[in-house]
Amino acid sequence: MKQIIVMRTDLNMRKGKMVAQGAHAAVAAVVENLTDPRVVEWLDGHFTKICVGVDGEQELSEIVARAQAAGLIARGIVDSGRTEFGGVPTPTCAAIGPDTADNLDPITGGLRLL
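Residues numbered from 1 in each chain as written. Predicted model: local features only at pLDDT ≥ 70, side-chain atom pairs only at ≥ 80, totals over all residues. Heavy atoms only, no water.

The chain is annotated in an unreviewed UniProt entry as peptidyl-tRNA hydrolase from Mycolicibacterium canariasense. In its Catalytic activity (unreviewed entry) section, UniProt records this for the chain: "an N-acyl-L-alpha-aminoacyl-tRNA + H2O = an N-acyl-L-amino acid + a tRNA + H(+)". Word for word, the UniProt comment on the chain under Sequence similarities (unreviewed entry) is "Belongs to the PTH2 family." (UniProt positions renumbered as here; feature names shortened; annotations may be inferred.)

Pasting the structure below:
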């Protein structure tokens, strides 16, 4: 079981901002699905996470939509814009899963590692 964090690389976020956004996505996906058997199994295991990048908002949206259509847990994050992005709410990343590699790889397997 693993969770994939999909991060927009076109925003040139500071490293700390990227980490915070990824954490928001990971926590939201888990908290919103605490009773899902996939989450329970993942929490009983090693909490494996893989961080990958996409080039923009459209690609991020497409990944989330494909994941949802495949029945995967998928949670996007929109930053409020208070510390970056000039006050404009901005989609930054998403968490896909946790789930098995067999279920995740068709959606996220071709994305590059961060």
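Next comes the rest of the write-up.
So, about the pairing of strand S4 (residues 90–99). Of all ten residues making up S4, nine are buried, and the element is well covered by its neighbours. By the bridge criterion, five bridges tie strand S1 (residues 2–8) to S4 in an arrangement that is antiparallel. Along S4, the bridge assignment pairs Met 7 with Cys 93. Sheet topology places strand S3 (residues 74–79) next to S4; six bridges connect them, and they run antiparallel. When the bridges of S4 are listed, Gly 76 appears paired with Ala 94. (Buried < 20%, exposed > 50% of the residue type's maximum accessible area, 1.4 Å probe, protein only. Helix = DSSP H or I, 4+ residues; strand = E, 2+ residues; numbered from the N terminus. Pairing = 2+ DSSP bridges.)

Relative orientation of the contacting elements helix H3 (residues 57–69) and helix H4 (residues 101–108) amounts to 145 degrees, with a least axis distance of 9 Å. Seen along the crossing, H3 lies across H4 with a hand that is right-handed. Taking contact as the criterion, the partners of Ile 63, Arg 66 and Ala 67 in H3 are, on H4, Pro 106, Ile 107 and Thr 108. (Axes fitted to C-alpha atoms, helices over the stretch in contact; angles between N-to-C directions. Left-handed = near helix turned anticlockwise from the far one by under 90°. Contact = heavy atoms within 4.5 Å.)

Right, let's get into the side chain of Thr 108. Along the chain, the position of Thr 108 falls in helix H4. The class of Thr 108 is buried, set by a relative accessible area of 5%. Apart from the residues lying within four places of it in its own chain, the contact partners of Thr 108 are Ile 4, Val 6, Ile 63 and Ile 96.

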